[in-house]
Amino acid sequence: MKRSLLLPALALLASLAAAAPPARLLSDYTHTAWTRLQGAPSDVVKFAQTSDGWLWISSPGGLTRFDGVRFERVEALGGHRLQSASTMGLLATRDGGLWIGHRFGGITALVGGQVREFGTEHGLPPSGVWSLAEGPDGSIWACVGGGLAVLAPGAARFAALTPDSGLPAGVARQVLFSRSGRQWVSVQGGVYWRDGGGRFRRAWPQLDLMSLAEGPDGTIWATDGQRHGYRVLPETPPGKPAPRPAVSANGIHFDRHGTMWLLKGDALERGPGGDSSQQLRRENGISGPLPQTWFEDREGNIWVGTASGLDRLRRNRLRLLATPQPLDHPGLLADADGQLLVANQAGGVHRFSSDGVPLQREGKLMTAGYRAPDGALWFGNDRERWRKAPSGLVSWYPHPPEYAQHDVQAMTLDRSGRMWLSLARHGLFSAEGRQWTKDGGVAGLPDGLAPTVASDARGRIWVGYLRSRVAVIDNGKARVFGEADGLQVGNVLSLLVDGERVWAGGEYGVAWFDGRGFHMLEAPLRGISGMARTAQGELWLHGSEGITRIAAPEVARLLAEAEQGAGSGQPVRYERFDAQDGLPGGAEQFRPLPSLVQGSDGKLWFSTASDVASIDPARIARNPLAPPVQISALRSGGVAYMPLPAVRLPKGSRDIEIAFTALSLAMPERVRFSYMLEGVDSGWRDVQGRREAFYTNLAPGQYRFRVLAANEDGVWNAEGATLQLEIPPTFTQTPWFIALLVLGGALLLAAAYALRVRQLTARLQDLQQERLAERARIARGLHDTLLQSVQSLIMFFDRQAARLAPGSEEKAKVEQTLELADQLMAEGRNYIMDLRSGGGADQLAQALRQYGAVLLHERFHVASTGQPRAMPPQVQEEVLSIAREALFNAARHAHATRVELRLDYGASFFLLEVRDDGCGLQRAHAPGPGRLGHYGLVGMRERAAALGATCSIGSPAEGGTAVRLQLAAQLAFVERRQASWLARVRRWLPFATSK
């Protein structure tokens, strides 16, 4: 009976062992460890991943979430502070909720944006929450130190299971719902399962088991506290055999591919068997001892929590070849049926199947190889060449003695079956049997090493040389291409014949030959020592920076543009595989070459200095999940704000700093972001690696920040995340303030203009005063000298004329002379009056007083009323001209004994009146010889009309003549004109104050 029980378990273990890949654990996975040095939590006990992509980590130090780059301690959910800083149980439900069990009791749940708290008052048993599980119907099962409880869908309280259910009282550890729908429960004392009637029954073996897991065949596994793993059965096997552990582990888990993973005291192990090459230990980089929790995220990454941190295992896209011994600069040669021959400097040549299974040893050391069109394999080293026919027959060809101990660099055959080979330090040769000919007897070939040779379908031989040179040999003639022909790859390391096209790879890139010349491939490529073109048209390149894949449509575009003789200017789109994909090291740069070969089944093989990796271009592992995008932080002016969908920043904000993330945990280093701030950016900004955006000197207004993300395979989340921002303006940023600034500027300009006008007016008045003083001085001098002397002469001659006989000719001549003298005196007085005229507040009165005194002497009288005020120069000049004309008429025509000048400076007007007691207006203006007639009166009225004044000229009833000029104060006086201007400004500005 015991034998029959063990056979199924042994068969299962054998199948698991057979399914385990032969490669080392870390050659199939890329391992990354995080400890406290990187900000990771320690003593990790549980993982969970919510539907938004966040990885949640539970530990005694609290709850942490991780986006693959940054760890963020979480102390509150939805603005609600957690019950405790020490968490243990953790569950992400199908509806996007997150349930957190606290080490000292209680549960916090975030469901639909709402936070719910559960404690003993809600039916939860006391003590810490070990684990949480979701039932098929959405119920929540809580394993607590005080027992097991369930929260039914829509219920407000937990219901604790009592011993009546079949479960013993005590610690509940784990609930597992198998794929068949059966419920399994691990409690203190054993494992129980629930039957169709709802009662729990104890499973076999009846031991105190803890961790539960379901295998790919539906088998339930559990472990005890003694590092033993058992296969759990619902019923005791026939014969009641003693239970025996099937594996040694503290915990058992299965990934989505059905592979078994074991948690041991100091290691994580893939599959049973205890093989150290399948273990992750302290020696090969695990974060710490005591691996105690295991989790597989939605992208297939495996996470392990240890006492010191956490670890991630990401499955590599490239698979390393498992070899019996370490490789030393391996060389590659593809054979039929997808098989691969690998040359090892330390151990000869080995053959492997397409799956990497070692088949047989082929022979001694190989430095170069070639597979002929007839299927024969050629090998070469530093001493000989040998040919292995498809039948297995081997032919040996030793080197000529002078070329012994020089490695074969490359080999190929021409259409006649003659071999062309490159020899280290000697260059190109042709060989027929044991006969070697330098350069095949072809003239014009370059000297020196030829790292690579190839033959095309027409039997031509292509040879790659150092310093960007490629030669083609056809019918005994050679043509050499160089930089002048577009070939700028440096030392040529590889050649690929692609139909009528030839690709050349070298130190500085790749070029292709189209029959006329070479065209450079515009991409960041270095040290390309291996190339392949797949049946689907993809171009694969192996270089010092990794493996580059250029998709078939992109290759077709490049070739078509070259044929048309014009490029689109678009950069070459490519995909890069490197150490993150499982490729250690870079491509070989010298020997053995090439570093990339394509198997007959289409699989690609790549060699580095110590490893051989493979990939199937038709079955590349891809990540189809678009990464969820979130805006995680917002700062402005050094202050952090909650990144809600819409945020209103304080007035005057000028800068913002936005942190965002994409929840892709497999390769966060390759996540690409594209973001834009609408209102600032004219297009999308593409970045890789950086997860922050900075903007400065922002104006007030509405902005919308958008960010998109793509995973490592270019799968974009086109919806992304959005943040609406508003920056209100300060008062100084509003249109009102701008308008006030404009108005204030205009007022300042007007005030400055008025001040300048006042300054200029004062300056002109000062100059006028100086001018008037000088004119007065000249006038006094003329009056006191010339006019007094002439007047004396006139009086003398007048007395003499009186003595002459009336009517005599002499008297007539003397009177004619006296009349001319009077005219001369009048002109002199007029000139003196002009010299004495001026401006100022009392300058008008002074000028007229002086003018009348000279003209009328004692007959002239002046009266002034009111305070004299300054007049504008042009107004004063016109008033002065009118007054002079009136005084002059009174002196010459009125025959008056008294002439009065009255000046009235009123508050609202200015009045000037000239009145005499003479003969009146009609007699005074009667025509006579030598008189002016009435033209002076017309001029007076015209001047008054130009000023806006009224001028009246008439003879009053009491006799004589009266000339009256009246002008409004706003037109007459300087200060009233300024006051009128200020009044108009005040009417425009209602808030201006008056003085």
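Computed from a predicted model, the values in this text were never measured in an experiment.

(A) Examining the packing of aromatic side chains more closely. Within this structure, the stated rule accounts for 32 aromatic pairs. Ring centres 3.9 Å apart and planes at 5° place the aromatic pair F66 and F71 in the stacked group. A ring pair is formed by F429 and W436, whose centres lie 5.5 Å apart and whose planes are at 50°; its orientation type is tilted. Neither F429 nor W436 differs from the other in exposure class; each is buried.

(B) Summary view of the nonpolar core. In terms of nonpolar packing, the biggest core is built from 42 residues, with L848, L887, F910 and L912 touching the most fellow members. Those elements that provide at least two residues to this core are α6 (843–856), α7 (873–893), β69 (899–905), β70 (909–916), α9 (935–947), β71 (950–954), β72 (961–968) and α10 (969–972). Here the element with the most residues in this core is α7; it accounts for ten residues. In this structure F910 touches L844, M871, V879, L903, D904, Y905, L965, Q966, L967, A972 and F973, once residues within four positions along its chain are discounted. Judged by nonpolar contacts, the second largest core, of 25 residues, contains L649, A662, Y703 and L725.

(C) Just the environment of A155, in detail. Topologically, A155 is positioned in the loop between β14 (147–151) and β15 (159–160). Overall, the relative accessible area of 24% leaves A155 in the partly exposed class. For the pair A155 and S139, spaced 16 residues apart in sequence, the C-alpha separation works out to 9.2 Å.

(D) Region of interest: a nonpolar patch on the surface. Together, F731, W736, L740, L743 and L747 make up a nonpolar patch on the protein surface, roughly 540 Å² of accessible area in all. If you trace the backbone, L743 turns up in helix α4 (residues 735–803).

(E) How the structure looks around the sheet that holds strand β42 (residues 427–432). Strand order in the open sheet formed by four strands is β40-β41-β42-β43, with antiparallel pairing between adjacent strands. Looking at which strands have only one partner, the edges of the open sheet turn out to be β40 (408–413) and β43 (435–438). In this sheet, adjacent strand axes meet at a mean angle of 25° when their direction is disregarded. Bridge count for strand β41 (residues 419–423) against β42 is five bridges, and the pairing is antiparallel. Counted as the bridge partner of L423 is G427 from β42.

(F) Region of the structure containing α6. For α6, built from 14 residues, the straight-helix expectation of 20 Å at 1.5 Å per residue is met to within 8% by its first-to-last C-alpha distance of 19 Å. For α6, a buried count of ten out of 14 residues is recorded, marking the element as mostly surrounded by other parts of the structure. Buried within α6 are the following residues: Q843, L844, A845, A847, L848, Y851, G852, V854, L855 and L856.

(G) Quick peek at the side chain of S881. Locating S881 in the fold gives a position in helix α7. Here E877 takes part through its backbone oxygen, which lies 2.9 Å from a polar atom of the side chain of S881.

(H) Representation of the pairing of strand β62 (residues 656–662) within the structure. Where burial is concerned, most of β62 is hidden: six out of the seven residues are buried. Relative to β62, strand β59 (residues 629–636) runs antiparallel, the two being bridged by six bridges. Directly across from I631, in β62, lies its bridge partner F660. Across four bridges, the pairing between β62 and strand β65 (residues 692–695) is antiparallel. Counterpart to E657 in the pairing with β65 is F694.

(I) Quick peek at α7. For α7, spanning 21 residues, the distance from its first C-alpha to its last is 30 Å, which sits close to the expected 30 Å at 1.5 Å a residue. Burial analysis of α7 places 15 of its 21 residues in the buried class, the great majority of the element. Just downstream of α7, H895 is the residue with a positive phi angle, here 55°.

(J) Spotlight on the pattern of salt bridges. Throughout the structure, instances matching the rule amount to 53 salt bridges. Note that D581 and R317 form a salt bridge whose closest N and O atoms lie 3.4 Å from each other. Taken together, the residues D581 in the loop between β55 (575–577) and β56 (596–598) and R317 in the loop between β30 (309–315) and β31 (319–320) connect sequence positions 264 residues apart. Residue classification places D581 among the buried positions, given a relative accessible area of 0%. Among the ionic pairs, E561 bridges to R557, the shortest N-O distance being 2.9 Å. Placement of the pair is E561 and R557 together in helix α3 (residues 552–564), with a separation of four residues, close to one helical turn.

(K) Spotlight on the pairing of strand β50 (residues 509–513). Of all five residues in β50, five are buried, a share of seventy percent or more. Residues G509, A511 and F513 point to one face of β50 and V510 and W512 to the other, with burial holding for every one of them. Across five bridges, the pairing between strand β49 (residues 501–506) and β50 is antiparallel. Across the sheet, the residue bridging to A504 is A511, located in β50. What sits between the antiparallel neighbours β49 and β50 is a turn of two residues. Here β50 runs beside strand β51 (residues 518–520); their pairing, made up of three bridges, is antiparallel. The partner of W512 across the bridge, within β51, is H519.

(L) View of the side chain of S211. Here S211 shows up in the loop between β19 (200–202) and β20 (212–214). Those residues in contact with S211, other than ones at most four positions away along the chain, are Q174, W221, A222, T223, N250, G251 and I252.

(M) Structural detail: unusual backbone geometry. Following R591, the chain continues to P592 via a peptide bond in cis, the omega torsion being 0°. Here P592 lies in the loop between β55 and β56. The amide bond that connects L593 to the next residue, P594, takes the cis arrangement and shows omega of 0°. Tracing the sequence through the fold places P594 in the loop between β55 and β56. Even without being a glycine, L290 presents a positive backbone phi close to 55°. Mapped onto the elements of the fold, L290 is located in the loop between β27 (279–281) and β28 (293–296).

(N) Molecular detail of the packing of α6 against α7. Orientation of α6 relative to α7, taken along the N-to-C sense of each, is 20°, at an axis distance of 10 Å. The angle between α6 and α7 falls in the class roughly parallel. Viewed along their axes, α6 and α7 form a crossing whose handedness is right-handed. Seen from α6, the contacting residues are Q843, L844, A847, L848, Y851, G852, L855 and L856; seen from α7, they are Q876, V879, L880, A883, R884, L887, F888 and A891. Across the contact of α6 with α7, the residue classes break down as twelve nonpolar, three polar and one charged.

Rules behind the numbers
Residues numbered from 1 in each chain as written. Predicted model: local features only at pLDDT ≥ 70, side-chain atom pairs only at ≥ 80, totals over all residues. Heavy atoms only, no water. Phe/Tyr/Trp six-rings, centres within 6.5 Å; stacked < 30°, edge-to-face > 60°. Buried < 20%, exposed > 50% of the residue type's maximum accessible area, 1.4 Å probe, protein only. Core = buried A, V, L, I, M, F, W, Y, C linked by side-chain atoms within 4.5 Å. Helix = DSSP H or I, 4+ residues; strand = E, 2+ residues; numbered from the N terminus. Contact = heavy atoms within 4.5 Å. Patch = residues over 30% accessible without salt bridge, like charges linked within 9 Å, V, L, I, M, F, W, Y side chains within 5 Å. Areas by Shrake-Rupley, 256 points an atom, 1.4 Å probe, with all protein chains shown as cover. Salt bridge = Lys/Arg side-chain N within 4 Å of Asp/Glu carboxyl O. Pairing = 2+ DSSP bridges. Axes fitted to C-alpha atoms, helices over the stretch in contact; angles between N-to-C directions. Expected span 1.5 Å × (residues − 1). Polar contact = N/O pair within 3.5 Å; in protein donor to acceptor, adjacent residues only side chain to side chain. Parallel < 35°, antiparallel > 145°, perpendicular 65-115°, else oblique. Left-handed = near helix turned anticlockwise from the far one by under 90°. Nonpolar A, V, L, I, M, F, W, Y, C, P; charged D, E, K, R; others polar.

What is shown is where atoms sit, not what they do.
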